[in-house]
Amino acid sequence: GTDPQPKHMDGFYSGQEDNGGVHINSGIPNFVFYQVAQALGGYAWEKAGKIWYQTLLRLNRTSNFAECAKVTVETAERLYAGDSSIAKAVRVAWKNVGITV
């Protein structure tokens, strides 16, 4: 079948089904994670996973994708202060889905 989850904000679902698209729209940050993991290489849990886990600890139920993007970049900068390429990979991935940090 086809995956109904968008990979870009252009396809963001804002209808009534799925509580406004909470599961459908999760494809957007999922795709960002995928891009970051691919860019960083190695096992996804080594760097990208740490960034996402620490980010999730800082978000709440009212957080939106823009806040998630901002926090993932901040988290990458904090965790990997000695390697600016990691935060850059996170920024680029969010930009690729239509969110500029």
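Reading the values: rules and limits
- Residues numbered from 1 in each chain as written.
- Predicted model: local features only at pLDDT ≥ 70, side-chain atom pairs only at ≥ 80, totals over all residues.
- Heavy atoms only, no water.
- Helix = DSSP H or I, 4+ residues; strand = E, 2+ residues; numbered from the N terminus.
- Rg over C-alpha atoms; globule rule 2.2 N^0.38 Å.
- Buried < 20%, exposed > 50% of the residue type's maximum accessible area, 1.4 Å probe, protein only.
- Salt bridge = Lys/Arg side-chain N within 4 Å of Asp/Glu carboxyl O.
- Contact = heavy atoms within 4.5 Å.
- Core = buried A, V, L, I, M, F, W, Y, C linked by side-chain atoms within 4.5 Å.
- Phe/Tyr/Trp six-rings, centres within 6.5 Å; stacked < 30°, edge-to-face > 60°.

Asker: Break down the overall build of the protein for me, citing the residues and quoting the values.
Answerer: Across its full length, the protein carries 5 helices and 0 strands. Listing every helix and strand of the protein by position from the N terminus yields α-α-α-α-α. The globule rule puts the C-alpha radius of gyration for 101 residues at 13 Å, and the 14 Å found for the protein is close to it. Split into buried and exposed, the 101 residues of the protein put 31% on the buried side.

Asker: Could you give an account of the pattern of salt bridges, naming the residues involved and the relevant values?
Answerer: Tallied over the full model, the rule gives 3 salt bridges. Of the charged contacts in the structure, one is a salt bridge between E74 and R58, with a shortest N-O distance of 2.9 Å. Of this pair, E74 sits in helix 4 (residues 65-79) while R58 is found in helix 3 (residues 48-58), placing the two residues 16 residues apart along the sequence. Residue classification places R58 among the partly exposed residues on the basis of a relative accessible area of 42%. One salt bridge connects K70 with E74, and the closest N-O pair in it is separated by 2.8 Å. Residue K70 and its partner E74 are both found in helix 4; the two are separated by 4 residues, about one turn of the helix. When its relative accessible area of 45% is taken as the criterion, K70 is described as partly exposed. Shared partners join several salt bridges into a network, and the residues in it are R58, K70 and E74.

Asker: Describe the environment of V90, naming the residues involved and giving the relevant values.
Answerer: By the secondary structure assignment, V90 is in helix 5 (residues 84-96). Judged by relative accessible area, which is 0%, V90 ranks as buried. For the pair V90 and T72, spaced 18 residues apart in sequence, the C-alpha separation works out to 7.1 Å. When residues no more than four places from it in sequence are discounted, the contact partners of V90 are V36, I51, T72, V73 and A76.

Asker: Which residues make up the nonpolar core, and what are the values?
Answerer: Core analysis: the biggest nonpolar cluster contains 21 residues, and V32, V36, I51, W52, A76, V90 and W94 have the highest contact counts within it. Contributing elements (two or more residues each) for this core: helix 2 (27-40), helix 3, helix 4 and helix 5. Once residues lying within four places of it in the same chain are set aside, the contact partners of W94 are P29, V32, W52, F65, C68, A69, T72, I99 and V101.

Asker: So, the packing of aromatic side chains: which residues are in play, and what are the values?
Answerer: To describe a pair of aromatic rings, one takes the distance between the centres and the angle between the planes. Under the counting rule described, the total for this entry stands at 4 aromatic pairs. On the basis of an interplanar angle of 85° and a centroid distance of 6.0 Å, the ring pair of F12 and F65 is categorised as edge-to-face. On the criterion of sequence distance, the pair formed by F12 in the segment before helix 1 (17-21) and F65 in helix 4 is long-range, its members being 53 residues apart. Of the residues examined, F12 reaches a relative accessible area of 38% and is grouped as partly exposed. When the centroid spacing of 4.6 Å and the interplanar angle of 15° are considered together, the rings of Y43 and W45 count as stacked. Taking the relative accessible area as the measure of exposure, Y43 reaches 52% and is therefore exposed.

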